[in-house]
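Here are the chains, one letter per residue:
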Amino acid sequence: MKPRTTRVLNAGLIGLTIVAYLGLLFAIAFFGDRRAEQQRSIISNPYIYSLSIAVYCTAWTFFGSVGYAAQNGVGFLPIYLGPTLMAALWWFVLRKIIRISRKQRITSIADFIGSRYGKSARLTGLVTIIAVIGILPYISLQLKAISNSVLIVQQYPQLMLPAGAHEVPLWEDTAFYVALLLAAFTILFGTRHIDVTERHEGMVAAIAFESVVKLLAFLAVGVFVTFVVFEGPVDIFNRAAQQAELAALWTMDSLPGGYARWFSTTLIAMCAVLFLPRQFQVAVVENVNDEHLRKASWLFPLYLLLINLFVMPLALGGLLLFGNSGVDPDTYVLTIPMAQGAQWLTLLVFIGGVSAATGMVIVATIALATMISNELILPLLLRNRLQEQPLHSGDMTRLVLQIRRGSILIILMLAFLYFRLIGESYALVTIGLVSFVAAAQFAPAILIGIYWKGATRAGALAGLSSGFAIWAYTLMLPSFAKSGWLPLSFVEQGLFGIEFLKPYALFGLTELDPITHAVFWSLPVNIFLLVTVSLRSSASVIEKVQAKAFVDAFMDAEPGRGRIDVWRGTVTVAALQSLVGRFTGNEAAEQAFRRFARERGFDFDQQSIAEPHTHLVSYGERLIAGVIGAASARVMISTLYKGQTLNIDDVMDILDETSQVVEYSHQLEQKTRQYEVATAKLKAANDRLKELDRMKDDFVSTVSHELRTPLTSIRAFSEILLSEPDLAVEQRAEFLQIIVDEAQRLTRLINNVLDLAKIDAGKIQWKIEDNDLKQVINDATKAVYQLYQERDIGLSLSLPEAPVSAAFDRDRIQQVIINLLSNAAKFCAEHEGQVQVRLNPEQGGLVLCVEDNGPGIAPAFHRSLFDKFQQVEDEQQGKPKGSGLGLAICKGIIEHHGGKIWLESAPGQGSRFYIRLPTNPRGR
């Protein structure tokens, strides 16, 4: 099929397409932000969340995978196999990271690592440097892809590859204007909020849309090449099989490095999908609900499968069509439809490639700008200002935003510079793998840190520094040598001509490809030093506090609860709120403090000092950390305790926790608190013993009173029967019946006493399992049927039609219901007595009501009915006749299930006993 001669894809249309597409993204992002402001989030959806994580698929995937497959066959698969394997672990790993980040108000991956290891400014700065240097090549890859795509499409219908970037003047370089355009877009929608823990909902919506566009574009060109240009996948593979070099592409022999490369690529891809700054941003910082991980763990792998479905057909199709004509395999996705004259498909593929590249650039740049601002620039700026002027007045929000926006521009200009100087020396995939190995260096510090409390800041610094140094020596510096910026002898002969220091054959290891070689040395050394240095170093107080918070992230139900507050001294609420307002804005700070007071029942008008046990200071620190990061936030909070004249040496002491005096005072204060708590517990235990002694006497008195009554009746009527042998048969039978009834009553009392004793001692064997409460109620009514018949009492049931399932001890709950029905019969009206049983499911529980139309009980005596230590004998109106022990047992049983039993009644209005049972009791 020959290309058409009519040229539709001119420079004007291409430029208009780019502007229109970015305008559409702008509109989507604007709409997303507006909906967020109206509390009607459009990203609170597992499908949107999964599509945003698909920012993993960049221009590397869209263009580079086909180019890589054309050279190395199925070797491209580990790049996507790794994330698929990691997705299976998300519910255990990523969910914990999300939970920690939400509690700690984490702003970036650097902030996460720094916070784990004692909110260390030195560590966050190191992570930021590694991230920026490691990811700049990846951003330059995207600029290279967009620039090349524009230049190739502009030549339509001719297939002309663009000249090298170094051969084009700066003002004519498309990549330069692309970088400026992306910088403007990122600044518009990446720096709208001062608090970076607030989600960029508009940006996330735009990224999700881009994921759909690039997927549809790739599938469209895949279907076109496979079923239009060729006659299906079978046709492509049959033609390729006729050429030996093409047939080898779907075997393991085609992969450079063999199985070792396969394993290393899979490993770093597993790390990259979580620990690349852009992936951490969308998967963790932008997460709305960690429950979305349930769907994302299979939706994201499905997305990877679909976008790689036509990689091999496209690669083989390009090789069959172009052969050795010089067409770069990285451009096959674009050049095949161009060669076939499919103009509109070419335009769609061009848009898809732009989507793949811009999505990565926007998110990665926002993440890196946040780190540069919070972990590098602001700490230096704040340290200088601490010596010059107080930090408790004025507004810092505008300054923070300006720093963040300037950082975005600097990052993109540095990426463009890397593209101009080095990017032309490598294929797309190779550049991406270099960044993957850099991101993998974060994995040990994070994964070991969230599961092992023994990991220390010194260990993390040693591991990260060594891993980064090896990465730079074995991958980054050789790229400069290949581009002519360093002597090539550095690669061929080693540093200073020492053969053992060759960057691609370190210490004589020559059997591995460069990527596997770098992974082999950097990650094991990183892990080894992290563990060994941690074992040999001691952690500071703040490190121990943070280690516990990270490792035990799922143990605290709420942020701030169970937290150890390491700040000492006093600070006023007004001063703390004023400091927070400097960074978040005064209105936002006031709202946050009101919310804190409302949730914890504080009154700031009466409590002007932010005491440590209230955790208000830590709360304020987390609010500031959401803007400038944990390390800088710690410096700011320290000014409230150290005073406005805090100098730089004091700041460094607080940040690094190296002052033994401060650490000793913290430990002494904790010991003092522990002593006070132990003393309070001892006093409470003594008071409890006295109360138990009194309750024992009351209990014995109550039990003896309850048992004395039937025993007296049995003894009296037995004596009458023995002393009066001539009694009439009818009267003798009546007295015998009384003795039998009283004996049964005595038996019930003894059983009640035993049950109460077992409940109090915790010796009852509970059998908590799923049961149908409706069926239990029916069984209980059958047990009292004869009693109700004898007393001519009506019994009606109002139960749901469907079974009502809950977890409880069937026999014990049935015992409670029978007791309530028996009491209702006893207190029911003498004539036309009516008892009604109602069951209503509620959120998180079930409510059962037993109502009678008896004389009612005065509210003053409601509580005494359930108290086993009360004796109630007075028969005046509204006061029950002897409470007995049955209701006390009911109370014990219901409370063991985590439920509640209560009475609503008044004289003349009948009685209503209520039981509320949770659907999942604590006793289970």
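Being a predicted model, the structure only gives us computed values, none of them experimental.

Caption draft 1: Main features of the overall build of the chain. The helix and strand tally for the chain stands at 35 helices and seven strands. Counting across all 924 residues of the chain, residues that qualify as buried make up 55%. Total accessible area on the chain stands at roughly 40,400 Å², and carbon and sulfur atoms take up 57% of it.

Caption draft 2: Region of interest: the packing of helix α34 (residues 810-827) against helix α35 (residues 886-896). Close contact between α34 and α35 brings their axes to 10 Å; oriented N to C, the two are set at 145 degrees. The way α34 lies across α35 gives a crossing that is left-handed. In this structure, α34 contributes Arg812, Ile813, Gln815, Val816, Asn819, Leu820 and Asn823 to the contact, and α35 contributes Gly886, Leu887, Ile889, Cys890, Ile893 and Ile894. Grouping the amino acids of the contact of α34 with α35 by side-chain chemistry returns eight nonpolar, four polar and one charged.

Caption draft 3: Representation of the sheet that holds strand β5 (residues 845-852) within the structure. Pairing within the open sheet is mixed, and its five strands lie in the order β2-β4-β5-β7-β6. Here the strands that pair on one side only, and so sit at the sheet edges, are β2 (794-798) and β6 (900-905). Shown here is a sheet whose adjacent strand axes are inclined to one another by a mean of 15 degrees, direction ignored. Both strand β4 (residues 834-842) and β5 contribute to a ladder of eight bridges, which runs antiparallel.

Caption draft 4: Structural context of helix α5 (residues 94-104). Across the 11 residues of α5, nine count as buried, placing the element largely inside the fold. Among all positions in α5, only Leu94, Arg95, Lys96, Ile97, Ile98, Ile100, Ser101, Lys103 and Gln104 are buried. Looking one or two places after α5, you find Arg105, whose phi comes out positive at around 55 degrees.

Caption draft 5: Region of the structure containing the environment of Leu123. Looking at where Leu123 falls in the secondary structure, it is placed in helix α7 (residues 121-154). Residue classification places Leu123 among the buried positions, given a relative accessible area of 0%. Between the alpha carbons of Leu123 and Arg457 there is a distance of 7.6 Å; along the sequence they are 334 residues apart. Filtering out sequence-adjacent residues up to four positions away, Leu123 remains in contact with Ile113, Gly114, Tyr117, Ala460, Leu461 and Leu464.

Caption draft 6: Molecular detail of helix α2 (residues 46-53). Every buried residue of α2 is listed here: Pro46, Tyr49, Ser50, Ser52 and Ile53. Take α2 and look down its axis: the buried residues cluster within an arc of 160 degrees, on one side only. If you follow the buried residues of α2, they end up packed against α5, α9 (201-229), α13 (277-285) and α14 (293-307). Of the residues flanking the start of α2, the one acting as N-cap is Asn45, its side-chain oxygen 2.7 Å from the backbone nitrogen of Tyr47.

Caption draft 7: The arrangement of the pattern of salt bridges in detail. One pass over the full model with this rule turns up nine salt bridges. Residues Arg261 and Asp513 are paired through a salt bridge, measuring 2.8 Å at the closest nitrogen-oxygen approach. Of this pair, Arg261 sits in helix α12 (residues 258-275) while Asp513 sits in the loop between α22 (489-493) and α23 (514-536), placing them 252 residues apart in sequence. Across this residue pair, the class does not change: Arg261 and Asp513 are buried. Across the salt bridge formed by Lys548 and Asp552, the nearest N and O atoms sit 3.9 Å from each other.

Caption draft 8: Region of interest: the nonpolar core. Counting residues in hydrophobic clusters, the biggest one holds 174 residues, and the most contacted among them are Tyr56, Trp90, Ile139, Phe436 and Phe442. In terms of residues, this core owes the most to one element, helix α17 (residues 343-388), which gives 18 residues. Sequence-distant contacts of Phe442, defined by excluding residues within four places in its chain, comprise Ile109, Ile113, Val127, Ile130, Ala131, Phe275 and Leu464. Membership of the second largest hydrophobic core comes to 39 residues, among which are Tyr788, Val850, Cys890 and Leu903.

Caption draft 9: Local environment of a nonpolar patch on the surface. On the surface, a nonpolar cluster with roughly 460 Å² of combined accessible area is contributed by Trp298, Leu302, Leu305, Leu306 and Leu309. Tracing the backbone shows Leu306 in helix α14. On the accessibility criterion, Leu306 (30% relative accessible area) is partly exposed.

Caption draft 10: Molecular detail of the confidence of the model for the chain. Overall, the prediction assigns the chain a mean pLDDT of 78, with 73% of residues at 70 or greater. A low-confidence stretch, residues 1-5 stays under pLDDT 50, and its non-local contacts, those more than four residues away or across chains, total nine contacts. Confidence drops under pLDDT 50 across residues 643-665; counting only partners more than four residues distant or on other chains, this segment forms 42 contacts.

Caption draft 11: View of the packing of aromatic side chains. Using the criterion set out here, one finds 21 aromatic pairs in the structure. Where Tyr56 meets Phe300, the ring centres are 6.3 Å apart and the plane angle is 85 degrees; that geometry is what we call edge-to-face. Here the residue Tyr56 occupies a position in the loop between α2 and α3 (59-72), and Phe300 occupies one in helix α14, the gap between them amounting to 244 residues. The pair Tyr56 / Phe300 is uniform in exposure class, with both members buried. A network of ring pairs unites the aromatic residues Tyr56, Trp60, Phe76, Tyr80, Trp90, Tyr138, Phe300 and Phe436 as a single cluster. Of note, Arg95 hangs over the ring of Trp91, and the distance from its end group to the ring centre comes to 4.1 Å.

Caption draft 12: Examining the pairing of strand β3 (residues 805-809) more closely. Counting buried positions along β3 gives four out of five residues, so the element sits mostly inside the fold. Of the strand pairs in this sheet, strand β1 (residues 768-772) and β3 are connected by five bridges, and their pairing is antiparallel. Its bridge partner lying in β3, Asp770 is registered against Ala807.

Rules behind the numbers
- Residues numbered from 1 in each chain as written.
- Predicted model: local features only at pLDDT ≥ 70, side-chain atom pairs only at ≥ 80, totals over all residues.
- Heavy atoms only, no water.
- Helix = DSSP H or I, 4+ residues; strand = E, 2+ residues; numbered from the N terminus.
- Buried < 20%, exposed > 50% of the residue type's maximum accessible area, 1.4 Å probe, protein only.
- Areas by Shrake-Rupley, 256 points an atom, 1.4 Å probe, with all protein chains shown as cover.
- Axes fitted to C-alpha atoms, helices over the stretch in contact; angles between N-to-C directions.
- Left-handed = near helix turned anticlockwise from the far one by under 90°.
- Contact = heavy atoms within 4.5 Å.
- Nonpolar A, V, L, I, M, F, W, Y, C, P; charged D, E, K, R; others polar.
- Pairing = 2+ DSSP bridges.
- Arc of directions from axis to C-beta.
- Polar contact = N/O pair within 3.5 Å; in protein donor to acceptor, adjacent residues only side chain to side chain.
- Salt bridge = Lys/Arg side-chain N within 4 Å of Asp/Glu carboxyl O.
- Core = buried A, V, L, I, M, F, W, Y, C linked by side-chain atoms within 4.5 Å.
- Patch = residues over 30% accessible without salt bridge, like charges linked within 9 Å, V, L, I, M, F, W, Y side chains within 5 Å.
- pLDDT = per-residue confidence, 0-100.
- Phe/Tyr/Trp six-rings, centres within 6.5 Å; stacked < 30°, edge-to-face > 60°.
- Lys NZ or Arg CZ within 6 Å of the ring centre and 35° of its normal.

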